[in-house]
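Commentary on secondary and tertiary structure
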Amino acid sequence: LPLNGNWSGVLSLVPKLIEGGFSSDVRAYRRINSVTLLSTLFHNQNLRNSVDEKDIKNLIDKLIEILSSFTNGEMDLKNKMLCEILHLIYGLYLTKPEPVTGMKSLLEQVRDKVPKNRNFHEVKRAFNKISVPLKIKVVQGNEKKRKLSETEQTTEKEDIIEQNGVDQADKKKKKKKKKQ
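Computed from a predicted model, the values in this text were never measured in an experiment. (Residues numbered from 1 in each chain as written. Predicted model: local features only at pLDDT ≥ 70, side-chain atom pairs only at ≥ 80, totals over all residues. Heavy atoms only, no water.)

So, on to the packing of aromatic side chains. Tallying each qualifying case throughout the model produces 0 aromatic pairs. The ring centre of F70 lies 5.8 Å from the NZ or CZ of K113, which sits over that ring. (Phe/Tyr/Trp six-rings, centres within 6.5 Å; stacked < 30°, edge-to-face > 60°. Lys NZ or Arg CZ within 6 Å of the ring centre and 35° of its normal.)

What follows is the structure in structure tokens.
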């Protein structure tokens, strides 16, 4: 792909990719392809700093618009599209961190919408990749399982306390070493 190289002629495609990537008139798979190409462009070290400021501002405005409608429930994004948008946001962060840090509160809202089961690990990985530099809480595992295991642990501790009368559940047992 020329987007992985250093051909600067590809920069003339950026406005068209931005327009097509976020337009509702374009088919879904073409939108995903446009966002993927934009993400590839912004991950390219040779070309990311050559993109016009107005194109970056337009892209950030489109991203804020689509993510806010997604968090408000007005729009449903496919997981692949969400994954590519998060990759694109990380590429923008590599280019210019200031505008992306302004999206921190919006990304915290997106965190609640990220699918957390094991079938969508790519989306979790993409979100965690952008959440670490922005200091947003990362998505870990399946939250339902975690909540169930936490409640089971607390009930076990309560049962031990009731039986023994002392909180022995928190005490650690030391193993004795055998002398040979």
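Here we take up the side chain of T95. Looking at the element boundaries, T95 is found in helix α4 (residues 79-95). Reaching out from T95, the side chain makes a polar contact with the backbone oxygen of G91 at a distance of 3.0 Å. With sequence-adjacent residues up to four places away left out, T95 is seen in contact with F42, R48, N49 and I56. (Helix = DSSP H or I, 4+ residues; strand = E, 2+ residues; numbered from the N terminus. Polar contact = N/O pair within 3.5 Å; in protein donor to acceptor, adjacent residues only side chain to side chain. Contact = heavy atoms within 4.5 Å.)

Looking only at helix α6 (residues 104-113), the buried set comprises L106, L107, V110 and R111. Each buried residue of α6 sits inside an arc of 155° when the element is viewed along its axis, so together they form one side. (Buried < 20%, exposed > 50% of the residue type's maximum accessible area, 1.4 Å probe, protein only. Arc of directions from axis to C-beta.)

In this section: unusual backbone geometry. Within the chain, K135 stands out as a residue other than glycine whose phi angle is a positive 60°. Following the sequence through the fold, K135 ends up in the loop between α7 (121-134) and α8 (143-164).

Below, the discussion takes up the pattern of salt bridges. Side chains that carry opposite charge are capable of pairing whenever their charged atoms lie near each other. Scanning all chains against the criterion turns up 3 salt bridges. Residue K96 is joined to E53 by a salt bridge in which the shortest nitrogen-to-oxygen separation is 2.6 Å. Remark: E53 occurs in helix α3 (residues 53-71) and K96 occurs in the loop between α4 and α5 (97-101); sequence separation between them is 43 residues. Residue classification places K96 among the partly exposed residues on the basis of a relative accessible area of 26%. (Salt bridge = Lys/Arg side-chain N within 4 Å of Asp/Glu carboxyl O.)

With that settled, the discussion passes to α4. Relative to the 24 Å expected for 17 residues at 1.5 Å per residue, α4 spans 24 Å between its end C-alpha atoms, a close match to the ideal helical length. Of all 17 residues in α4, 13 are buried, a share of seventy percent or more. (Expected span 1.5 Å × (residues − 1).)

The biggest cluster of nonpolar side chains holds 44 residues, and the ones touching the most others in it are L59, L63, L67, I85, L86, I89 and I130. Residue assignment for this core shows that the elements contributing at least two residues are α1 (14-21), α2 (28-43), α3, α4, α6 and α7. Here this core takes 10 residues from α4, the largest share from any one element. For L67, the residues in contact, after removing those within four places along its chain, are L82, I85, I89, M103, L106, L107 and V110. (Core = buried A, V, L, I, M, F, W, Y, C linked by side-chain atoms within 4.5 Å.)

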